[in-house]
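Secondary and tertiary structure notes
The primary structure of each chain is shown beneath.
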Amino acid sequence: MDLAARIHAISIVSVPAAVSVNVFAIPEVEVTLVDAGIAGSLERIERGLAEVGRSLADVRRVVVTHGHPDHAGTAAALEAAGAEVCMHPADFERLKFGVRDALRRPSRGRLFASVVRPPTAIRPLEDGDVLPVLGGLRVVHTPGHTPGSICLYAPRDRILFTGDALQVRRGRLVFASRLYSDDYAAAKASVRRMAELDVATIVFAHYPPWTDGANEALAALADRAGH
Ligand SMILES: [Zn+2]
Ligand SMILES: [Zn+2]
């Protein structure tokens, strides 16, 4: 399968932090985006869509893997441009917290969420929901990095989008960031859900896709989750 023909990665680089995050455009009859990038990324997303001959007006939905600022930052602007924002309600609830609320009971997760401008409404996604994308894109709730972190699994193409629920470090597949995750133990346990799937390609937000023995790599990581 030619991954690049089905999924167009739009790399968004935030200059002060020099962090890059991918927004994935899936250009079918309707365009679906996976993640929304940092705030202010609308023009960059528009340019990325133009690379595959599409425009913002074609974007039917944006599926947000979790509510962190580098993934949900431009969701409200995409909503204003006509897209439906789809995400897990647990992370949407947090986006509605203001900075003042977050400071009252501070945690890194609440503070992160408080800087994101929330969309006015979402289509809530729960575990097992299937979106009409890539022949059926299944929602897998994988809490831990955030309470509402989701992975998206396309059985037809054996692709798994993981957002920040997994990382690649020194060429190895590893658990979500301990520092930036709300519940590291839960994040580790969630890998067991991923290991139940038949995966050829793991698509991350911050690293190149993983195509070499994905099932084996997920199984090996899931084995380490309980220890
Ligand atoms: Zn991220
Ligand atoms: Zn994150």
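Before any of the text, the structure's been laid out above.
Heads up: these notes are all about the structure in this document. (Residues numbered from 1 in each chain as written. Chains lettered and ligands numbered in written order. Predicted model: local features only at pLDDT ≥ 70, side-chain atom pairs only at ≥ 80, totals over all residues. Heavy atoms only, no water.)

Protein-derived coordination of the zinc ion (ligand 1) comes from D70 (OD), H71 (NE2), D164 (OD) and H206 (NE2), at a distance range of 2.1 to 2.2 Å. Metal-centred angles of 88 to 150 degrees between the 4 donor atoms at the zinc ion (ligand 1) mark the site as irregular. For the zinc ion (ligand 1), the single-chain donor residues occur in sequence as D-H-x92-D-x41-H. For the pair the zinc ion (ligand 1) and the zinc ion (ligand 2), the metal-to-metal distance amounts to 3.7 Å, and D164 bridges them. Remark: H206 occurs in the loop between β13 (201–204) and α9 (214–225) and H71 occurs in helix α3 (residues 69–72); sequence separation between them is 135 residues. Residue classification places H71 among the buried residues on the basis of a relative accessible area of 0%. On the accessibility criterion, H206 (24% relative accessible area) is partly exposed. (Donors = N, O, S within 2.8 Å, 3.2 Å for Na, K, Ca; no water. Tetrahedral: all angles 85-135°; square planar, octahedral: opposite > 155°, others 65-115°. Helix = DSSP H or I, 4+ residues; strand = E, 2+ residues; numbered from the N terminus. Buried < 20%, exposed > 50% of the residue type's maximum accessible area, 1.4 Å probe, protein only.)

In this section: the packing of helix α8 (residues 184–195) against α9. The interhelical angle for the contact between α8 and α9, taken along N-to-C directions, is 145 degrees, at an axis separation of 8 Å. For the pair α8 and α9, the crossing hand works out as left-handed. Side by side, α8 and α9 meet where K188, A189, V191, R192, M194 and A195 of the first sit next to L218, A219, L221, A222, R224 and A225 of the second. Class assignment of the residues belonging to the contact of α8 with α9 gives a composition of 9 nonpolar, no polar and 3 charged. (Axes fitted to C-alpha atoms, helices over the stretch in contact; angles between N-to-C directions. Left-handed = near helix turned anticlockwise from the far one by under 90°. Contact = heavy atoms within 4.5 Å. Nonpolar A, V, L, I, M, F, W, Y, C, P; charged D, E, K, R; others polar.)

As for its position among the elements, S177 is in the loop between β12 (172–175) and α8. The class of S177 is buried, set by a relative accessible area of 13%. Considering only alpha carbons, one finds S177 and S114, 63 residues apart in sequence, at a separation of 20 Å. Non-local contacts of S177, meaning those with residues more than four positions away in its chain, are made with Q167 and Y184.

On to the pairing of β13. Burial along β13 is two-sided: the face carrying T201 and V203 and the face carrying I202 and F204 are both buried. As defined by bridge partners, strand β10 (residues 159–163) adjoins β13 across 4 bridges and the pair is classed as parallel. Of the residues in β13, the one forming a bridge with I159 is T201. (Pairing = 2+ DSSP bridges.)

Let us look at helix α2 (residues 42–50). Looking at α2, one finds that the buried residues are I45, G48 and L49. All buried residues of α2 lie within an arc of 100 degrees about the axis, which places them on one face of the element. Away from the buried face of α2 by more than 90 degrees, exposed residues E43, R47 and A50 are located. (Arc of directions from axis to C-beta.)

Don't take any of this as a statement about function, it's just geometry.
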